[in-house]
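Chain by chain, the residues:
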Amino acid sequence: MHLHILGICGTFMGSLALLARELGHTVSGSDANVYPPMSTQLEEAGIVLCEGYSADHLSPHPDRVVIGNALSRGNPEVEAVLNQGLPYVSGPQWLAEEVLPGRRVIAVAGTHGKTTVASMTAWLLESAGLAPGFLIGGVPRNFGISARLGAHDAPFVVEADEYDTAFFDKRSKFVHYRPDIAILGNLEFDHADIFDDLGAIERQFHHLVRTVPGRGRLVVADGEPALDRVLEMGCWTPVERFGTQTTSPWRLALEREDASRFRVIHERHDDDVEVNEDAVIDWALTGAHNARNALAALVAASACGVDLPRAAAALSRFATPRRRQELRGEVAGIEVIDDFAHHPTAIAATLEGLRAATPRGRLLAVIEPRSNTMRLGTLRDRLAASVAAADAAFWFQPPGLDWSLSPVLEASPVPARMLDDLDALVDALVAEARPLDRIVVMSNGGFGGIHEKLLAALEVAHADGTA
């Protein structure tokens, strides 16, 4: 069967394309924004990529068109699909119909950390020899690909997004997956382009809760009032809490300030006898948020029969997914780090984790407010405070941002600059950075290839002595 995927370079749709190719389908796709790492792995899989959207990309007619949620009416290729009467389906529905039946599905939901938790969960299952399938909205470096089918009888881990499904299906993506295990890691307001308020998102999360069977498991973070409200709407599935509260059966205690070493404590009951077990994780990641992410993955892996000592040992070998605190290069002792953070909470968590792990040198934050929520300006009043852990902040005003970043600079707790030209931004960073500094670039897009440009400019500056 020939599948043509619209929006194929999106993290979800690109992963879907890999699964379709593995199933033996001929796969092609269109996208307006083609950039690594997704474009690279698609091309390596033999998938034909079409730049832009055009009715010409549908000739000869594919057997089925899979339409991503970034596409809307008025898009020339969408209009051609409708006018030509071609069979079409949303990405989540295709996944639910073609890949998930018969699998033990683990859905990872939450406002933040989904990609990291899903990657960790898949890695823990893999390390236990379970050969899981997965679809992750990023590229886990332990696997080198964002999706695979895995063993037919193994669990399947899916990053479960609350964003809407398609222009013709406004339900959240995750209601299609019908998981046996659902991880609810956190919940706050986001996606202001489709949700009016936090309550609207809570209702969608409850729709997910409604789909988890009584024999399944809900893995729910403690200390999250919005998740508590979701469960108060009704719950029919055993709940396993994790976090730092003494009432939670899965708890963590940091043994280093930067969370590069922490202890996991698990209290359980076997035949009415209380059993306590613990394990220490010493790993390459930093940040309390990542320790909490790891705890969620450990709980899910335990529900699949992976014992705590084996899972803890596997975490010591875990590598962050691409674009999650990923070191892109180092020049003259200056590190350039890439991170996907684009929500104020995620920006703050990323910087706090890196701050604790940067005993010498400065932390320079570079931020592109690019997401739909950021473009609407819904959370702009929280942006200034989000960079408090940095030594300086460089804000990039992208084309199409309809509000000014000037008030963010005025309220900034650290020295801040705003630039609207990418080359000027690179020049400013090269002039500012010195050995032992860490430059962390945060955006949910390609950011014009800033990482490569910055590393190249640093090489030139330090080679000729101008830096």
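Per chain, residue numbering runs from 1 following the sequence as it is written. Only residues with pLDDT of at least 70 get local features here, since the model is predicted, and only at 80 or more are side-chain atom pairs given and counted; chain-wide, interface and lining totals rely on the full set of residues. Where side-chain values are given, they derive from all heavy atoms of the structure, hydrogens and water being excluded.

Let us look at the nonpolar core. Of all hydrophobic cores here, the largest spans 97 residues; its most connected members are Leu95, Leu135, Phe205, Trp283, Leu298 and Leu315. Among the elements that take part in this core, helix α8 (residues 288-303) stands out by supplying ten residues, more than any other. Where each domain starts and ends follows an automatic or database-derived domain assignment. Three or more residues apiece are contributed to this core by two domains, here domain 1 (2-90) and domain 2 (100-316). Note on definitions: a residue-residue contact is assigned when non-hydrogen atoms from the two residues lie within 4.5 Å. If we skip the residues at most four places from it in the chain, Leu135 touches Phe12, Ser15, Leu16, Leu19, Leu95, Ser146, Ala147, Phe156, Val157, Val158 and Glu159. Ranked by size, the runner-up nonpolar core spans 24 residues in total, among them Val430, Val441, Leu458 and Ala461. Here, nonpolar core means buried Ala, Val, Leu, Ile, Met, Phe, Trp, Tyr and Cys residues that are tied together by side-chain atoms lying within 4.5 Å of each other. When accessible area is computed with a 1.4 Å probe and restricted to protein chains, residues below 20% of their type maximum are described as buried, those above 50% as exposed, and intermediate ones as partly exposed. The secondary structure listing takes helices from DSSP runs of H or I that are at least 4 residues long and strands from runs of E that are at least 2 residues long, numbered from the N terminus.

With that settled, consider the packing of helix α5 (residues 114-127) against α8. To get an axis, a line is fitted to the C-alpha atoms, and for a helix only the part in contact is used. The angle between two axes follows their N-to-C directions and goes from 0 to 180 degrees. Following both chains from N to C, one finds α5 and α8 inclined at 45 degrees, their axes separated by 8 Å at the closest point. One element, α5, and the other, α8, form an angle in the oblique class. As for the relative orientation of α5 and α8, their crossing is right-handed in sense. For the pair α5 and α8, contact is made by Thr116, Val117, Met120, Thr121, Leu124 and Leu125 and by Asn290, Asn293, Ala294, Ala296, Ala297, Leu298, Ala300 and Ala301, respectively. Roughly parallel means an angle under 35 degrees; roughly antiparallel means over 145; roughly perpendicular covers 65 to 115; every other angle is labelled oblique. By definition, any crossing whose near helix is turned counterclockwise from its far helix by less than a right angle is left-handed, and any crossing with a clockwise turn is right-handed.

The next thing to look at is helix α1 (residues 11-22). An ideal rise of 1.5 Å per residue puts 16 Å on twelve residues; α1 measures up with 17 Å between its terminal C-alpha atoms. For α1, the buried fraction is high: nine of the twelve residues fall into the buried class. Looking only at α1, the buried set comprises Phe12, Met13, Gly14, Ser15, Leu16, Ala17, Leu18, Leu19 and Ala20. Taken from the residues just after α1, Gly24 is the one with a positive phi, measuring 100 degrees. Expected helix span is given by 1.5 Å per residue-to-residue step, counting one fewer step than there are residues.

Judged by side-chain charge, Asp420, Asp421, Asp423 and Asp427 come together as a negatively charged surface patch. Mapped onto the fold, Asp420 is located in the loop between β22 (416-419) and α14 (422-432). Surface patches are drawn from residues lacking salt bridges whose relative accessible area is over 30%; two like charges belong together within 9 Å, two nonpolar side chains (Val, Leu, Ile, Met, Phe, Trp, Tyr) within 5 Å. Methods summary: accessible areas were calculated by the Shrake-Rupley approach with a probe of 1.4 Å, and residue burial reflects only the protein chains presented. Salt bridges are identified by distance alone: a Lys or Arg side-chain nitrogen within 4 Å of an Asp or Glu carboxyl oxygen. Positive: Lys, Arg. Negative: Asp, Glu. His and the chain ends are not part of the count. Charge positions are represented by NZ for Lys, CZ for Arg, CG for Asp and CD for Glu.

Okay, the packing of aromatic side chains next. Two rings from Phe, Tyr or Trp (for Trp, the six-membered ring) form a pair when their centres are within 6.5 Å of each other. A pair whose planes differ by under 30 degrees is stacked, one over 60 is edge-to-face, and the rest are tilted. The final tally for this structure, using the stated rule, is six aromatic pairs. Plain terms: the ring middles of Phe262 and Trp283 are 5.4 Å apart, the flat faces sit at 70 degrees to each other, and that makes the pair edge-to-face. A residue pair is termed long-range when its members are at least 10 positions apart, and Phe262 in strand β16 (residues 261-270) and Trp283 in the loop between β17 (273-282) and α8 qualify at 21 residues. An identical accessibility class is assigned to Phe262 and Trp283; each is buried. Among the aromatic residues, those joined into a cluster by ring pairs are Tyr88, Phe167 and Phe168. Whether a charge sits over a ring comes down to the Lys NZ or Arg CZ being within 6 Å of the ring centre and within 35 degrees of the ring normal. Seen from the ring of Phe12, Lys173 lies directly overhead, with NZ or CZ sitting 4.7 Å from the centre.

Moving on: the domain arrangement of the protein. Assigned domains within the protein: domain 1 (2-90), domain 2 (100-316) and domain 3 (326-463). Relative to domain 3, the C-alpha centre of domain 2 lies at a distance of 29 Å.

Pairing between the strands of a sheet comes from backbone hydrogen bonds, and it takes one of two forms, parallel or antiparallel. Here, a strand pair is defined by DSSP locating no fewer than two bridges between the strands. In spatial order, the strands read β3-β2-β1-β4-β5; together these five strands make up an open sheet with parallel pairing. Both edges of this open sheet fall to β3 (48-51) and β5 (88-90), since each of them pairs with a single strand only. Neighbour-to-neighbour, the strand axes of this sheet turn through a mean angle of 25 degrees, independent of strand direction. Looking at chain direction, strand β2 (residues 26-31) and β3 are connected through four bridges and run parallel.

Another aspect to go through is the environment of Phe394. As for its position among the elements, Phe394 is in strand β21 (residues 392-396). For the pair formed by Phe394 and Val366, sequence separation is 28 residues and the distance between their alpha carbons is 4.7 Å. If we skip the residues at most four places from it in the chain, Phe394 touches Ala365, Val366, Ile367, Arg417, Leu419, Leu425, Ala428, Leu429 and Glu432.

The subject of this paragraph is the pattern of salt bridges. Pairing is possible between side chains of opposite charge, provided their charged atoms come close. For the structure on display, the rule yields 25 salt bridges. A salt bridge links Glu79 to Arg73, with the nearest nitrogen and oxygen atoms 2.7 Å apart. In this structure, Glu432 and Arg362 form a salt bridge, with 2.5 Å as the shortest nitrogen-oxygen distance. With Glu432 in helix α14 and Arg362 in the loop between α10 (344-356) and β20 (363-367), the pair connects residues that are 70 residues apart, well separated along the chain. Take Glu432: its relative accessible area is 30%, and that puts it in the partly exposed class. Since its relative accessible area comes to 15%, Arg362 is described here as buried. One salt-bridge network, in which partners are shared between bridges, spans Glu255, Arg256, Arg261, Arg263, Asp278 and Asp282.

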